[in-house]
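Commentary on secondary and tertiary structure
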Amino acid sequence: MSLTQLIHTVSIKVQLNEEDLLEKLKILAEVVKDEIFPKERLTHYNIDLSTIETILNELLRMGFASKYFTYDCEDTDSVDFAVNLNEKCAHCGQTLKNSENHLINESYKLNSIYLELIKDQKKENLKKYLIDDFRPNLEKLKSRTKKLIPFLGAGVSIPFRLPSWGDLLRELERGLSDTNREKYIDIINKGDYLRALSFLKLYSGLYKNESMIKKEIKNIIKRKYVKESNLSHHNIIDILKLDTQFILTTNYDNIVSDFLRDYRDEFIMPQILETLDDLQDLMDDNSQKVIHLHGNVEIPNSMIVTKDDYDKLYEANQIKYVLNGIMSNRTLLFIGFSFEDEYFKDLYDKIFTYIKGEHFIIVPNLHPFDAEELLRRHLIPIGINVNKNEKHDFVKGIKTVLEELY
Ligand SMILES: [Zn+2]
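So, how was this worked out
Residues numbered from 1 in each chain as written. Predicted model: local features only at pLDDT ≥ 70, side-chain atom pairs only at ≥ 80, totals over all residues. Heavy atoms only, no water. Pairing = 2+ DSSP bridges. Helix = DSSP H or I, 4+ residues; strand = E, 2+ residues; numbered from the N terminus. Buried < 20%, exposed > 50% of the residue type's maximum accessible area, 1.4 Å probe, protein only. Polar contact = N/O pair within 3.5 Å; in protein donor to acceptor, adjacent residues only side chain to side chain. Contact = heavy atoms within 4.5 Å. Domains from an automatic or database assignment. Salt bridge = Lys/Arg side-chain N within 4 Å of Asp/Glu carboxyl O. Nonpolar A, V, L, I, M, F, W, Y, C, P; charged D, E, K, R; others polar.

Description of the pairing of strand S3 (residues 78-82)
Here five bridges tie strand S2 (residues 65-73) to S3, and the two strands are oriented antiparallel to one another. Bridging from a neighbouring strand, Tyr71 pairs with Asp80 of S3. Connecting the antiparallel pair S2 and S3 is a turn made up of four residues, with Asp77 showing a positive phi of about 55 degrees.

Some remarks on the side chain of Ser107
Within the fold, Ser107 resides in strand S4 (residues 102-110). Take Ser107: its relative accessible area is 1%, and that puts it in the buried class. Within the structure, the side chain of Ser107 is placed 3.0 Å from the side chain of Thr70, a separation counted as a polar contact. If sequence neighbours within four positions are ignored, Ser107 has contacts with Ile36, Phe37, Pro38, Ser66, Lys67, Tyr68 and Thr70.

Details of the domain arrangement of the chain
Domain parsing of the chain yields domain 1 (3-122), domain 2 (130-159 + 228-403) and domain 3 (165-224). Distance from the C-alpha centre of domain 2 to the C-alpha centre of domain 3: 24 Å. Each partner contributes to the interface: domain 2 provides 16 residues, whereas domain 3 provides 15 residues. At the boundary of domain 2 and domain 3, one finds two salt bridges. The residue Lys222 makes a salt bridge to Glu298 at a minimum N-O spacing of 2.5 Å. Counting across the interface, domain 2 meets domain 3 through six residue pairs in polar contact (both at pLDDT 80 or more). Breaking the side of domain 2 that touches domain 3 down by element, the ones donating at least two residues are helix H13 (307-315) and helix H15 (342-355). Counting residues per element, the side of domain 2 that touches domain 3 draws most heavily on H13, at three residues. Of the residues in the side of domain 2 that touches domain 3, the class split is eight nonpolar, two polar and six charged.

This is the structure we're talking about:
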């Protein structure tokens, strides 16, 4: 049976669309590989237990997985597995069925034919999404996964109905006169977002001071956020699966921390620069905590929204201390930024002054000619083919690149 047939059959049973199911099937293969595993192993990946059960039952039925019983022998304090319960415990010799001193758990193992199908599917995806010229860059990135830190921009939050930087600013145009509105939109369209906010502060009848702008940004983020559960429509789980020490972002929202709670079964407090005083602590803990360089929506005062805020932030010692302290020898992977924005270019140049080194960025439909500009900035591009008429194609392209890094 082909993967297409498998997906078609199972998607009807679990009532998921085929793309979402494929993501779940891929996670299954990545997480458990060829090990024997209990179904609970998969609940950290935003898949509920009843869906996992149905998927596993279908895989069993079609011969893509086998069932095992893992048991914990209390008499000898050993753990082992059996194919059926009429077998004898390999440690104390009692028949497992009806014995009282064994804790028995239903477990599964994926068959190699299933793992091969998933592997082929990934290979095909890479062929579709990766622009061939950038294959050597991807290989280079693959060799640096140990020191990798994802650096997330607004694009990562878009699948959760949060506006991009530009759209967020367009929402704030109320209170501007017609002439000023035109000028404001003009600045936004150039991607000069912080200047747009400075402009707003000067000319808006409504947002006379920064704290009103920040409050409104907080309201917009809170109001618009919808937790997207279809795994083929966002990249948060893909990013968490990189299992990096921490994650950097300029986003204010807490989407990553929201998913991180399920992923790790505990709440990991997101950090802002002001709360990061003990860098050694941060280096030691590996909790994947999210560091919000430009502030967090729960603390509106921490949010960097105007050119003034921004200039002050990057002149202050705290950010130099943090970037120098935790970023030396790290490789950043920028996801969800548009390198065409003035905002990103400036941000990157500032960060680069403190940390140097070589970093990577995933860019849709990049022409090798434009790649030159990035390389001059020591930013190594991974260009991917994205069909702009297909809503989730960029997400899928990013997914395909990240899958190569596990
Ligand atoms: Zn035993």
